[in-house]
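Secondary and tertiary structure notes
Residues per chain are reported as follows:
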Amino acid sequence: MTTATFSSNTGAGLLDDRFAAAGRPLAAVTGAEIQAPLIQGGHVRYANLDYGASAPALSVVSAYLNEILPFYASVHRGAGYASQISTSVYENARNIVREFVGGRPDDSVIFTRNTTDSLNLLAGCLPVEDQRHTGEVLYLDIEHHANLLPWQGVPHRSIVASDTLEATVASLRAELENGDVSLLAVTGASNVTGEILPIRRLAALAHEFGARIVVDAAQLAPHRRIDIAADDVDYLAFSGHKLYAPFGSGVLVGRPDWLDAGTPHLAGGGAVSEARLDGVSWTTGPARHEGGSPNVLGAATLARATQVIAALDQANWHAHETAIRSFLVEGLQRIEGVTVHQIFSDTDPDTDTIGVVNFSVEGYDAGLVAAYLSAEHGVGLRDGRFCAHPLLKRLGLPSGSLRASFGLGSRLEDAQRLLAGIEDLRGSGLGWDYVVDSGRWVPANDTRSYPHWAPNTPGTAGAAPCALD
Ligand SMILES: Cc1ncc(COP(=O)(O)O)c(C=O)c1O
């Protein structure tokens, strides 16, 4: 077997066969060829390694949006032709999403703004008796704030994850054994390191002690097949914008009893069966929580994206993602002064990790590295604390780290570009001066321009220094 090399001029022919699956994108995405201006002049194809924040739209999804846009009209509120079509598209999107997640026939499928919104909605639906919650929400310290802060407003308890996944599951068991947990809230995959949690096992564990489980699938859904009926998951939340449908819709799927009895998430038109001047009778079903005019295009495009993902060949999908990840991790580990981070020492990077790699570069603030990669190499990735402050602190990264994340539109060349940039940084240092402006690292004397419809605004050009998210 040939040995992979990781220099900027690595030719595909020199690469290890293990990485062949990542030579091309697995699906076409809108904007795949955009050119990023470099600080020293010229342009380069934008290497988007920030899928975990927001993934680009699948080209199929963009085309679908154009197809349905002429029919865009009010939903549930009009007898006209376009309104009927829009209503049909919106309601059918629920069925498509239910199928995508392997939902039970009676599961509610509620469209929301995003995962954060979905989990806040569920927090308003926890069972209450005599005006008191009947149990507590249990969560780990590895969660994204979206699956941490909504529970702080209700009875809750948290535990610190252990060094291994096995020990962490054991800690969860011990906490559940203590009793009084109504809901276990857990991420499907960490947005910080990409490590996957064993949701089928955790669902069985929660149920053993009379609790339910909600899975934050914001990161998992774009990377793995999900089957909530088979895994016995009670609630699942995810976002369209991380699933190749960046049009502002999220979803909460799950058992209808709590949702039908819970506090309506958005009080307003459509959420009631009867409103009076001094009172209201709330409706049940998804409408209870979807007050106001819904985001029909967001829901429709999210549903269309799920169809594309559901049709992917599992083996190709996994091979593509694993190849990019292994290439990146092995390449980063060969560069002196670079550390790759993970939460659990017993996670298998090939099977238990999605397309996310977290790392830091000795001697450089993460925000500065991100600004440098963007300005000098046209590489986009995320830096900071990833809205997971407790975890970053516990991992010994209180001032943040870097996260490369990828997906269907990614190719090996994106990873090569990142590695070349980090090698250059370690070998030659920064090629430009950088300053902190409006709290973010930016190149000094930046004369690059944005398109005329995106005027340069302070704080948009750079990357977060330690203190920010
Ligand atoms: C694991 C996880 N949960 C929740 C969220 C919140 O998603 P959104 O911003 O779409 O609400 C994110 C976003 O990064 C995430 O990665």
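What counts and how
- Residues numbered from 1 in each chain as written.
- Predicted model: local features only at pLDDT ≥ 70, side-chain atom pairs only at ≥ 80, totals over all residues.
- Domains from an automatic or database assignment.
- Contact = placed C-beta atoms within 7 Å.
- Nonpolar A, V, L, I, M, F, W, Y, C, P; charged D, E, K, R; others polar.
- Near = placed C-beta within 6 Å.
- Pairing = 2+ DSSP bridges.
- Helix = DSSP H or I, 4+ residues; strand = E, 2+ residues; numbered from the N terminus.
- Axes fitted to C-alpha atoms, helices over the stretch in contact; angles between N-to-C directions.
- pLDDT = per-residue confidence, 0-100.
- Buried ≥ 20, exposed ≤ 12 C-beta atoms within 10 Å, placed from the backbone.
- Expected span 1.5 Å × (residues − 1).
- Left-handed = near helix turned anticlockwise from the far one by under 90°.

1. Things to note about the domain arrangement of the protein
- Segmenting the protein into domains produces domain 1 (12–49 + 314–443) and domain 2 (60–310).
- Between domain 1 and domain 2, the C-alpha centre-to-centre distance is 30 Å.
- Taken together, the contact pairs 28 residues of domain 1 with 28 residues of domain 2.
- Considering only residue class, the side of domain 1 that touches domain 2 consists of 13 nonpolar, 10 polar and 5 charged.

2. Overview of the site of the ligand
- Taken together, the neighbourhood of the ligand is formed by 14 residues, with Asn114, Thr116, Asn191, Ala218 and Ser239 sitting nearest.
- Here the residues of the shell around the ligand sort into 2 nonpolar, 11 polar and 1 charged.

3. Section: the pairing of strand β14 (residues 279–282)
- The pairing of strand β13 (residues 272–276) with β14 spans 4 bridges and is classified as antiparallel. The partner of valine 272 across the bridge, within β14, is tryptophan 282.
- As consecutive antiparallel partners, β13 and β14 are separated by 2 residues.

4. Things to note about the sheet that holds strand β11 (residues 235–239)
- Read from one edge to the other, the open sheet built from 7 strands follows the order β4-β12-β11-β10-β9-β7-β8, with strand pairing classed as mixed. At either end of the open sheet lies a strand with only one pairing partner, and these are β4 (108–112) and β8 (156–159). Across the sheet, the axes of successive neighbouring strands diverge by a mean angle of 20°, strand direction being ignored.
- Two elements, strand β7 (residues 136–140) and strand β9 (residues 181–187), share 4 bridges in a ladder whose sense is parallel. By the bridge assignment, leucine 138 is partnered in β9 with leucine 184.

5. A few points about unusual backbone geometry
- If you check the backbone angles, aspartate 130 has positive phi at about 50° while not being a glycine.
- One can find aspartate 130 in the loop between β5 (128–129) and β6 (132–133).
- Although it is not a glycine, serine 438 adopts a positive phi angle of roughly 50°.
- With respect to the secondary-structure elements, serine 438 resides in the loop between β20 (434–437) and β21 (440–443).

6. Structural notes on the confidence of the model for the protein
- Confidence in the prediction for the protein averages 94 pLDDT; 94% of positions are at 70 or higher.
- Note on residues 1–13: pLDDT is under 50 here. Beyond four places in sequence and across chains, it has 22 contacts.

7. A word on the pairing of β11
- In terms of burial, β11 is a largely internal element, 5 of the 5 residues being buried.
- Because side chains alternate across β11, one face comprises the buried residues Tyr235, Ala237 and Ser239, and the other comprises Leu236 and Phe238, equally buried.
- For strand β10 (residues 212–216) and β11, the ladder comprises 3 bridges, and the chain directions are parallel. If you follow valine 214 over to β11, its bridge partner there is tyrosine 235.
- One ladder, built from 5 bridges, connects β11 with strand β12 (residues 250–254); its direction is antiparallel. Paired with phenylalanine 238 across the strands is valine 251, a residue of β12.

8. Section: helix α2 (residues 81–100)
- Between the first and last C-alpha of α2 there are 28 Å, a value that for 20 residues agrees with the 28 Å anticipated at 1.5 Å per step.
- All buried positions along α2 are accounted for by Ser86, Val89, Tyr90, Ala93, Arg94, Val97, Arg98 and Phe100.
- Buried positions along α2 lie against α1 (59–68), β4, β12 and α8 (296–310).
- Trailing α2 by a residue or two, glycine 102 shows a phi angle of about 65°, which is positive.

9. Section: the packing of α2 against α8
- Orientation of α2 relative to α8, taken along the N-to-C sense of each, is 35°, at an axis distance of 8 Å. In terms of crossing hand, the pair formed by α2 and α8 is left-handed. Of the residues in α8, those touching α2 at Ser86, Val89, Tyr90, Ala93, Ile96, Val97 and Phe100 are Val296, Ala299, Ala300, Leu302, Ala303, Thr306, Gln307 and Ala310.
- A class-by-class count of the residues in the contact of α2 with α8 yields 12 nonpolar, 3 polar and no charged.

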